Protein chains: 2
Amino acid sequence: MDFLNELKNLKKQVFFEEKLEIPRNYDKIVIAGMGGSGIAGKIFQEMYTDKPVFALDDYHIPEFADEKTMFVAMSYSGNTEEVIAATREAIQRGCSVSALTSGGELESIVENVIKVPSGLQPRSSLGYMLMPLINSFLKVGSEAIRKAGDLLDDLDSRNEWIKDEAEKIFERELIPVVYGFSPYRSIAYRWKTQFNENAKVMAFSNYFPELDHNEIIPLKQTYRKDQFRFYTFGCSTDNRITKRIHATGRVSGIELEHVETPGESLVEKMFYLIHYGDYLTYHLANLRKIDPMDVSAIEDLKKILKG
Amino acid sequence: MDFLNELKNLKKQVFFEEKLEIPRNYDKIVIAGMGGSGIAGKIFQEMYTDKPVFALDDYHIPEFADEKTMFVAMSYSGNTEEVIAATREAIQRGCSVSALTSGGELESIVENVIKVPSGLQPRSSLGYMLMPLINSFLKVGSEAIRKAGDLLDDLDSRNEWIKDEAEKIFERELIPVVYGFSPYRSIAYRWKTQFNENAKVMAFSNYFPELDHNEIIPLKQTYRKDQFRFYTFGCSTDNRITKRIHATGRVSGIELEHVETPGESLVEKMFYLIHYGDYLTYHLANLRKIDPMDVSAIEDLKKILKG
């Protein structure tokens, strides 16, 4: 599948109806995953706070993980070494373990497995990874899901206008900085990683209100300020955050690009923003004449680690 | 107190012996704090994983916070609006609430208060904020604390050599990027915020192994790569992380500055690294002829938010 078709695959993924098996007696959730697979856990952690949820992106599980812990291993390939290591620990510790994967070693060490279709880049499987979490824990109506699918479809058929935005970054070789806020902090991080992986440019993310306690200072008075391009999302429903976003722009004098979000529900806005970031970074890759699929740096790293 | 004396105050703070009152029946900890006060909760969250710990840097407490939640409010001034809002919610929800503050509104709404000495910038009170958490939950011997104090004292009397490092950033107007790893992720973030607040330069942090799944790609092939200066810490005790750090440097071709850490215990290494970052950002501020105490951007923001 070429990369554009991978991007277009997302609208199918939001209708993925699988659910995780919920253990009878549990009081916390640990979701292990790295990079393009791990982002689903990070997003979910913000959406669901009824129980403590930990998005784990490291080799070791926390000490508190026990028999009353629901542990979800996420690795699209099924061979991510950090996730395999953490999953082995979770099994040892007696957690209720399940996995979301397209195969690999993970499939062979975990009993409860939701298999997702293979053949994609891990970062293009976000819908497959996220929807089972949403389906299992959140009450999202089928109407909202359908509308989210429609928004993705719209973006798939009309996204050339996002190329104008990509051109602004490209022309001046800018460094994108994306500012999120709850529950969209991880969407900002998703953009950062898509800039990194698809367009091969450095990019960073941060979030309100924390950034108003430190990063706002250089925003006002640093060198090289004009070498960044700053983004935030136009979907804050908290007045205090909206005020902060505007005040931060005013105090610092930076041009803070607000990406507007059609749709009503959180799920619609979320998937719209994810896909906007997909196309922005895809167009930037094209402008840079760079293959968005190329992840040779990561492959080189893996070779060295194995050697 | 001038800023240099604020920095020198840290060695006194590690001997701050206060302890938090631990509730009889609790199963999770939420620590609310922003910026220079919030960093203590973020650091502690990595050091202590026997129970779920959440470092909260937002207005709202998570849904799971209940009567079995120990809630610690941290605000040096006692008037941080996000912390006040979250603390009011925690009281309402029936959490066991205590606070670390030098006064302000927080002192008047919370019963269990540990008062810390006033007169510092919030970011210079890290020892006062962190030590009560360490004293209450971790078994750190007095010998390790004494040695940590000695390391800080050494840095206070001899830190001119760190100016050479600051000069490298200054001369070429570089953007510092600091790479941590567990349990030093938040120390990398602390450096980022100290660069922001003291030296008034943009700076970013990230951590291994997650960055090997995305940021490594532009590290190898982005534009503007030579405008950053990359740091990591020389204290990984996990072979897999050490290997990743070296392999990441090799694959990407970046010059990754390893900051070595004297000391044996985690507490010694941690405070040493914190203080190294203090002096690095202090010297950079001096070279830039910038007042490290000036936080007028934050004050301007507060005025707009109140208006």
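Figured I'd write up the structure that's included with this text. (Residues numbered from 1 in each chain as written. Chains lettered and ligands numbered in written order. Predicted model: local features only at pLDDT ≥ 70, side-chain atom pairs only at ≥ 80, totals over all residues. Heavy atoms only, no water.)

### A word on the sheet that holds strand β6 (residues 175-180) of chain B
Strands in a sheet are paired, the pairing made by backbone hydrogen bonds, and the direction either parallel or antiparallel.
Residue and element names in this part refer to chain B.
Reasoning step 1: One open sheet holds the 4 strands; their spatial order is β7-β6-β8-β9, and the pairing between them is parallel. What marks the edges here is a single partner per strand, and that holds for β7 (204-207) and β9 (256-259). Taking the axes of each pair of neighbouring strands and ignoring which way they run, one obtains an average angle of 30 degrees across the sheet.
Reasoning step 2: As paired strands, β6 and β7 are joined by 4 bridges and run parallel to one another. (Pairing = 2+ DSSP bridges. Helix = DSSP H or I, 4+ residues; strand = E, 2+ residues; numbered from the N terminus. Axes fitted to C-alpha atoms, helices over the stretch in contact; angles between N-to-C directions.)

### Focus: the nonpolar core
Reasoning step 1: Core analysis: the biggest nonpolar cluster contains 170 residues, and Trp-191, Phe-233 and Phe-271 of chain A together with Trp-191, Phe-233 and Phe-271 of chain B have the highest contact counts within it.
Reasoning step 2: Excluding residues that lie within four positions of it along the chain, Phe-271 of chain B makes contacts with Leu-10, Val-14, Gly-127, Leu-130, Met-131 and Leu-152 of chain B.
Reasoning step 3: By size, the runner-up hydrophobic cluster in this structure holds 38 residues, among which are Phe-54, Ile-61, Cys-95 and Val-97 of chain B. (Core = buried A, V, L, I, M, F, W, Y, C linked by side-chain atoms within 4.5 Å. Buried < 20%, exposed > 50% of the residue type's maximum accessible area, 1.4 Å probe, protein only. Contact = heavy atoms within 4.5 Å.)

### Describing the environment of Gly-180 of chain B
Reasoning step 1: Following the sequence through the fold, Gly-180 of chain B ends up in strand β6.
Reasoning step 2: Residues Gly-180 of chain B and Lys-115 of chain B, 65 residues apart in the sequence, show an inter-C-alpha distance of 31 Å.

### Some words on the relation of the copies chain B and chain A
Reasoning step 1: Its rotation angle being 180 degrees, the transformation that places chain B on chain A also includes 0.0 Å of axial translation and leaves an RMSD of 0.0 Å. The operation mapping one copy onto its partner corresponds to a two-fold rotation axis.
Reasoning step 2: In this assembly the copies share their binding face: 99% of the residues contributing to the interface of chain B also contribute to that of chain A. (Least-squares fit on C-alpha atoms with pLDDT ≥ 70 in both.)

### Here's the deal with the interface of chain B and chain A
Reasoning step 1: Facing the 80 residues of chain B at the interface are 79 residues of chain A.
Reasoning step 2: On the chain B side of the contact with chain A, Met-202, Ile-217 and Tyr-223 of chain B bury the most area, a combined 11% of that side's loss.
Reasoning step 3: Our enumeration of links across chain B and chain A arrives at 14 salt bridges.
Reasoning step 4: Linking Asp-57 of chain A and Arg-185 of chain B is a salt bridge whose minimum nitrogen-to-oxygen distance equals 3.0 Å.
Reasoning step 5: Inspection of the region where chain B meets chain A yields 44 residue pairs in polar contact (both at pLDDT 80 or more).
Reasoning step 6: A per-element tally of the side of chain B that touches chain A places helix α11 (residues 239-252) of chain B first, with 8 residues.
Reasoning step 7: Counted by class, the side of chain B that touches chain A contains 36 nonpolar, 16 polar and 28 charged residues. (Buried area = accessible area lost by both parts, 1.4 Å probe. Salt bridge = Lys/Arg side-chain N within 4 Å of Asp/Glu carboxyl O. Polar contact = N/O pair within 3.5 Å; in protein donor to acceptor, adjacent residues only side chain to side chain. Nonpolar A, V, L, I, M, F, W, Y, C, P; charged D, E, K, R; others polar.)

Honestly, it's all geometry; don't read function into it.
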